[in-house]
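Next come the chains, spelled out residue by residue.
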Amino acid sequence: MEPFDYSLKELSRRLHNGDTTVEELVRTSLKRIEEVDEQIGAFLHVDRDNALERAKELDQQLKNGEADADNVLFGLPMGIKDNMVTKGVRTTCASKILDNFVPVHDATVVEKLYDASTVMIGKLNMDEFAMGSSNENSGYKIVRNPWHLGHVPGGSSGGSAAAVAAGEVPFSLGSDTGGSIREPAAYCGVVGLKPTYGRVSRFGLVAFASSLDQIGPITRSVEDNAYVLQQIAGHDPRDSTSVGKEVPNYLEALTGDVKGLRIGVPKNYMGEGVSKGVRDRVWEALEVLKELGAKVEEVNLPHTKYGMTAYYVLASSEASSNLARFDGIRYGIRSEGENLIETYKQSREEGFGDEVKRRILLGTFALSAGFYDAYYLKAQKVRTLIKQDFEDLFLNYDLIIGPTSPTTAFQIGENVDDPLTMYANDVMTIPINMAGVPAISVPCGLSDGMPVGLQIIGRHFDEATIYRAAHAYEQAVNFKHAPQFKGGAHA
Amino acid sequence: MERISKEQVRHVADLARLQLQEEEVEHLGSQLDDIISAAERLNELDTVNIKPTSHVVDVRNVMREDEVKPSLSQEDVLKNAPAQQDGQIKVPSVLE
């Protein structure tokens, strides 16, 4: 058994029993990164010295009996997607335009994980500014899927998912605007949750599309995931869109009991365009839930097919506005031009990659005079219809379940020059962000040797029911996490 | 049918403060055209009586007391500035 095959709870127990130390856990993580990350590419920056120093401090606290045994996260190593700011630790969003950016404060989620005495090992690779579904849009290097190195890990939180899948860290944080936590979690055979919009503070998350972005945990198990969400959830006065609703005890939801739970399965999530292998695994998972006592019925999400295009108009519009701040003036790379405007233009030309430019152009176009009503406003109205689809279903169902992605992880290079095909990978994750509801991806078996993700969608602020079903399913099937590094030297 | 001319691509790029190479105008322009064409599919839906959604959570005008609190120091703010002088961020001349 590899060290990070243990649950967070077990790692914590071992720490408090004296079977291991924080330093040992941190060194395990660093050693694993040394062994495999040259092939995987999950880390953009490893904060080795600080991590070791922090580990020693925490070991001292442990020795002095100052560590709270109820805080399961105490002393555990973790990784943070590189679009969340970390004080004193370079944060690039995998973009050249932020190549030299060292934040002067921490994101709220980072602060909260530090409050729980976790140790940050480093910053995780991603698609530039979180725009992508394959991690091929990183301005620095691609990430490879630990199950097969010729395949993508998914994106945009590709580094966050691959690092957990490859056993480099026991958990990580990702961000999800249109599927960027769930899709890579599905492709890498790990558990990823996108919480309800407003559940987790976005303060310190470099904004891509502010009305859709949400931070969430990527872990090996549902229980681990619940422990991390418990720590990062809650209202933050520094994010006016974070909601002041009480955070329930998510661990108490993991009862294994799904009797009587009403589950809707959208027909259009299980039809044409979804590979047979994916459909088969998802139906098998639904059979398991039925055997456990859940009621499963087919339902409709009629506006799903419009989700993708409406999303690209809205997300790109918000991005074009959010990314206006990267102009080479206050931070980041400046490429000096003949005058101020030329300086902006040159800095942005040199700093941004293709996908980012494409989306800025699309967004600027959709917001420009004469096109605003036809594209932006239209897409916002379609968003209302998509949201209503979910509201209607949740009157009669507790959960909606389908695949996370239409296929398993595709090959590196396969979709690179065809944005529309690439965007189609997100067809079943995007509507969830549009509606703002929470959803998880849990592994539900393999298709041709690659992991398949089961997507469980819940009501606004009802992550607990999602966790309950995901956990009951996970316990019933016992998915074997065994990434094989196929196509590479590492066995 | 071409929905966006090269001239429009250059205009939008200018609005977005992006300086595109000629081949980028060509390449990104044609991809933009494809995406816009796909977006026109939304016109299949009648949305005359539908209100737009800009935000899913019904939170608006969050107010707080206007209290003076410490913020980033001048030193911190300047740490990432590409150029600075006399405690200020230095920029190319704004006026001709």
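Here the structure is shown first, and the text comes after it.
Below: a short report on this structure. It should be emphasised that the depicted structure is a prediction, and the values quoted were computed from it without experimental measurement. (Residues numbered from 1 in each chain as written. Chains lettered and ligands numbered in written order. Predicted model: local features only at pLDDT ≥ 70, side-chain atom pairs only at ≥ 80, totals over all residues. Heavy atoms only, no water.)

Section: the overall build of chain B
Piece 1. The helix and strand tally for chain B stands at 3 helices and 2 strands.
Piece 2. Starting at the N terminus and walking to the C terminus, you meet the elements of chain B as α-α-α-β-β.
Piece 3. Against the globule reference of 12 Å for 96 residues, chain B gives a C-alpha radius of gyration of 23 Å, more extended than a compact globule.
Piece 4. Over its C-alpha atoms, taken along the principal directions, chain B stretches across nearly 55 × 45 × 25 Å.
Piece 5. Within chain B, buried positions represent 30% of all 96 residues.
Piece 6. Accessible surface computed for chain B: about 7,100 Å², of which carbon and sulfur atoms make up 47%.
Piece 7. In chain B, the 11 positive side-chain charges and the 20 negative ones have mean positions that sit 5 Å from each other. (Helix = DSSP H or I, 4+ residues; strand = E, 2+ residues; numbered from the N terminus. Rg over C-alpha atoms; globule rule 2.2 N^0.38 Å. Buried < 20%, exposed > 50% of the residue type's maximum accessible area, 1.4 Å probe, protein only. Areas by Shrake-Rupley, 256 points an atom, 1.4 Å probe, with all protein chains shown as cover. Lys, Arg positive; Asp, Glu negative; His and termini not counted. Charge placed at Lys NZ, Arg CZ, Asp CG, Glu CD.)

Topic: the layout of surface pockets
All names here are of chain A.
Piece 1. Taken as a whole, the largest pocket encloses approximately 700 Å³ of empty space.
Piece 2. Along its surface, the largest pocket is lined by 24 residues, and Val85, His105, Gly204, Arg325 and Tyr331 are the ones closest to its centre.
Piece 3. Each pocket or cavity is described by its volume, and for the second largest pocket that value is around 570 Å³.
Piece 4. If you trace the second largest pocket, you find 22 residues lining it, with Arg220, Ser221, Glu474, Asn478 and Phe479 closest to the centre.
Piece 5. Sorting elements by how many residues they give to the lining of the second largest pocket places helix H15 (residues 463–477) first, with 5 residues.
Piece 6. Split into classes, the residues belonging to the lining of the second largest pocket amount to 8 nonpolar, 7 polar and 7 charged. (1 Å grid on protein atoms, 1.4 Å probe; cavity = no way out; pocket = protein on both sides within 12 Å on 5 of 7 lines; lining within 4 Å. Points joined across faces, edges and corners; volume = space filled by probe spheres on them. Nonpolar A, V, L, I, M, F, W, Y, C, P; charged D, E, K, R; others polar.)

Topic: the packing of aromatic side chains
Residues and elements named next belong to chain A.
Piece 1. Tallying each qualifying case throughout the model produces 13 aromatic pairs over all chains.
Piece 2. Each ring, one from Phe101 and one from Tyr331, has its centre 5.5 Å from the other, and the planes form 55°; the classification is tilted. Taken together, the positions of Phe101 in the loop between strand S2 (77–81) and helix H4 (108–115) and Tyr331 in the loop between helix H9 (304–322) and helix H10 (340–351) put the pair 230 residues apart, joining distant regions of the chain.
Piece 3. Taking the centre distance of 3.6 Å and the plane angle of 10° together, the rings of Tyr312 and Tyr423 count as stacked. In this pair, Tyr312 is assigned in helix H9 and Tyr423 in helix H13 (residues 419–424), connecting sequence segments 111 residues apart.
Piece 4. Exposure remark for Tyr312: the relative accessible area of 3% places this residue in the buried category. (Phe/Tyr/Trp six-rings, centres within 6.5 Å; stacked < 30°, edge-to-face > 60°.)

Comments concerning the packing of H9(A) against helix H11 (residues 354–367) of chain A
How two helices pack is summed up by the angle between their axes together with the distance between the axes.
Residues and elements named next belong to chain A.
Piece 1. At their nearest, the axes of H9 and H11 sit 7 Å apart, and the two run at 100° to each other. Judged on the interaxial angle alone, H11 and H9 are roughly perpendicular. For the pair H9 and H11, the contacting residues are Tyr312, Val313, Ser316, Ser317 and Ser320 in the first and Arg359, Ile360, Leu362, Gly363, Thr364, Ala366 and Leu367 in the second.
Piece 2. Within the contact of H9 with H11, the residues separate by chemical class into 6 nonpolar, 5 polar and 1 charged. (Axes fitted to C-alpha atoms, helices over the stretch in contact; angles between N-to-C directions. Parallel < 35°, antiparallel > 145°, perpendicular 65-115°, else oblique. Contact = heavy atoms within 4.5 Å.)

Quick notes on the state of the cysteines
Residues and elements named next belong to chain A.
Piece 1. Counted under the stated rule, the structure contains 0 disulfides over all chains.
Piece 2. Here Cys188 stays unpaired: no disulfide links it, and the sulfur of Cys444, its closest cysteine neighbor, is 15 Å away.
Piece 3. You can call Cys188 buried: its relative accessible area is 0%. (Disulfide = S-S within 2.5 Å.)

Brief notes about the pattern of salt bridges
Residue and element names in this part refer to chain A.
Piece 1. In this structure the tally under the stated criterion is 31 salt bridges over all chains.
Piece 2. Residue Arg459 is joined to Asp398 by a salt bridge in which the shortest nitrogen-to-oxygen separation is 3.5 Å. Taken together, the positions of Arg459 in the loop between strand S11 (450–457) and H15 and Asp398 in the loop between helix H12 (372–393) and strand S9 (399–403) put the pair 61 residues apart, joining distant regions of the chain.
Piece 3. Note on Arg459: relative accessible area 26%, which makes it partly exposed. (Salt bridge = Lys/Arg side-chain N within 4 Å of Asp/Glu carboxyl O.)

Here we look at the environment of A:Leu395
Piece 1. Within the element layout of this structure, A:Leu395 appears in the loop between H12 and S9.
Piece 2. For the pair A:Leu395 and A:Arg459, spaced 64 residues apart in sequence, the C-alpha to C-alpha distance is 9.6 Å.

A closer look at the environment of A:Pro77
Residues and elements named next belong to chain A.
Piece 1. Among the secondary structure elements, Pro77 is positioned in strand S2.
Piece 2. The exposure class assigned to Pro77 is buried, which follows from its relative accessible area of 0%.
Piece 3. Separated by 96 residues in the primary sequence, Pro77 and Leu173 place their C-alpha atoms 12 Å from one another.
Piece 4. Beyond its immediate sequence surroundings of up to four residues, Pro77 is in contact with Phe4, Leu25, Val26, Ser29, Val119, Ile121, Pro170 and Phe171.

Let's talk about empty space enclosed by the protein
Piece 1. Per the stated rule, a full pass over the model turns up 3 cavities of 30 Å³ or more.
Piece 2. There is about 70 Å³ of room inside the largest cavity.
Piece 3. In the lining of the largest cavity, the residues fall into 5 nonpolar, 7 polar and 2 charged.

A short note on unusual backbone geometry
All names here are of chain A.
Piece 1. Cis peptide bonds are those with omega within 30 degrees of zero, and the linkage from Gly155 to Ser156 qualifies with 5°.
Piece 2. Take Ser156: it is sitting in the loop between strand S3 (119–124) and helix H5 (158–165).
Piece 3. Of note in this structure, Ala130 is not a glycine but carries a positive phi near 70°.
Piece 4. Of note, Ala130 is situated in the loop between S3 and H5.
Piece 5. In this model, Asp448 sits at a positive phi of 50°, which is unusual for a non-glycine residue.
Piece 6. Tracing the chain through its elements places Asp448 in the loop between strand S10 (439–447) and S11.

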